Amino acid sequence: MAEPLLAVDGLAAGYGATEILRGLSMSVAPGEIVAVLGSNGVGKTTLNMALSGIVRARRGRISFLGEDITGASPADIVARGLIHVPEGRKIFPGMAVRENLELGSYRRGKAARAANLERVFAIFPRLKDRTAQLAGTLSGGEQQMLAIGRGLMAEPKLLILDEPSLGLSPLLVEEMFALVRRINAEGLAVLLVEQNVVQSLEIASRAFILENGAFALQGDARELAASDELRRAYLGM
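If you're wondering where the values come from, they're calculated on a predicted model, not measured in any experiment.

A. Structural context of the pattern of salt bridges. Throughout the structure, instances matching the rule amount to eleven salt bridges. Linking Lys128 and Glu118 is a salt bridge whose minimum nitrogen-to-oxygen distance equals 3.8 Å. Residue Lys128 is found in helix H5 (residues 125-128), and its partner Glu118 is found in helix H4 (residues 113-123); the two are separated by ten residues along the sequence. Relative accessible area serves as the criterion here: at 47%, Lys128 is assigned to the partly exposed category. We note a salt bridge from Glu186 to Arg119, for which the minimum N-O separation is 3.2 Å.

Encoded structure:
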């Protein structure tokens, strides 16, 4: 495996007296889709926020592009190219689609803003048709496209996608996973954090199953998909 873009070693994090993450170790290589899968409340969002510098690590080490970012600020982490598209989209509903996208390049990617806009519009043609529309009036699927497009405006080296299929119709879920595959096919590494086990394992190369703040299973995505243990625990089979 290539030298990892992201390497996490023994990460522990939490809130107040409660420890949520209990010694997680994982990696993401260049050009790879890695899935972190689990149900609500197991620590997925806490992991994302720890990687993004929003929640401080209590123990362990996070390195990105070979440098220790464990204590780095969120702004510094974004400037390095680790971009987090949060759960729930977190768009600015009272601003136009174009304004939301341009804000994605506030910290990183400003010099190539025009070219990056065209790239986003090529991936998400529906957004190009709605550049002046208020983001809050978009459909759920379009808002998710906008959130991902805003992340792409920052020229990520690694894109963390937190529950991109959440709240979407089955048809839009299929479309969303196809878009993730397309973005990755252009060379962008993706950390896909999801509850949708089946479709995530179809597009990921490796996966980690998070349960109560620790990885219960990990390995090759296709092998995990065929695992009797995974089928019993997460697919009810």
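B. Representation of the nonpolar core in the model. Formed by 45 residues in total, the largest nonpolar core has its most connected members in Phe124, Ile148 and Leu152. Those residues in contact with Phe124 that sit more than four places away from it in its chain are Met145, Ile148, Gly149, Leu152 and Leu179. Of all hydrophobic cores here, the second largest spans 31 residues; its members include Ala13, Leu21, Met49 and Leu82.

C. The arrangement of the pairing of strand S6 (residues 82-85) in detail. Burial along S6 is two-sided: the face carrying Leu82 and His84 and the face carrying Ile83 and Val85 are both buried. Pairing of S6 with strand S7 (residues 158-162) involves four bridges; the strand directions are parallel. Counted as the bridge partner of His84 is Ile160 from S7.

D. Structural view of the environment of Leu188. Relative to the elements of secondary structure, Leu188 occurs in the loop between helix H7 (170-185) and strand S8 (189-194). Relative accessible area serves as the criterion here: at 8%, Leu188 is assigned to the buried category. A sequence separation of 37 residues divides Leu188 from Gly151, and the C-alpha atoms of the two residues are 12 Å apart. The contact partners of Leu188, leaving out residues within four places of it in the chain, are Leu152, Pro156, Lys157, Leu158, Leu159 and Ile183.

E. Region of the structure containing unusual backbone geometry. For Glu155, which is not glycine, the phi torsion reads 50° and is therefore positive. Looking at where Glu155 falls in the secondary structure, it is placed in the loop between helix H6 (140-152) and S7. Exposure remark for Glu155: the relative accessible area of 30% places this residue in the partly exposed category. In this model, Glu163 sits at a positive phi of 55°, which is unusual for a non-glycine residue. When you line up the elements, Glu163 lands in the loop between S7 and H7. Its relative accessible area of 3% is what places Glu163 among the buried residues.

Procedures and definitions
- Residues numbered from 1 in each chain as written.
- Predicted model: local features only at pLDDT ≥ 70, side-chain atom pairs only at ≥ 80, totals over all residues.
- Heavy atoms only, no water.
- Salt bridge = Lys/Arg side-chain N within 4 Å of Asp/Glu carboxyl O.
- Helix = DSSP H or I, 4+ residues; strand = E, 2+ residues; numbered from the N terminus.
- Buried < 20%, exposed > 50% of the residue type's maximum accessible area, 1.4 Å probe, protein only.
- Core = buried A, V, L, I, M, F, W, Y, C linked by side-chain atoms within 4.5 Å.
- Contact = heavy atoms within 4.5 Å.
- Pairing = 2+ DSSP bridges.

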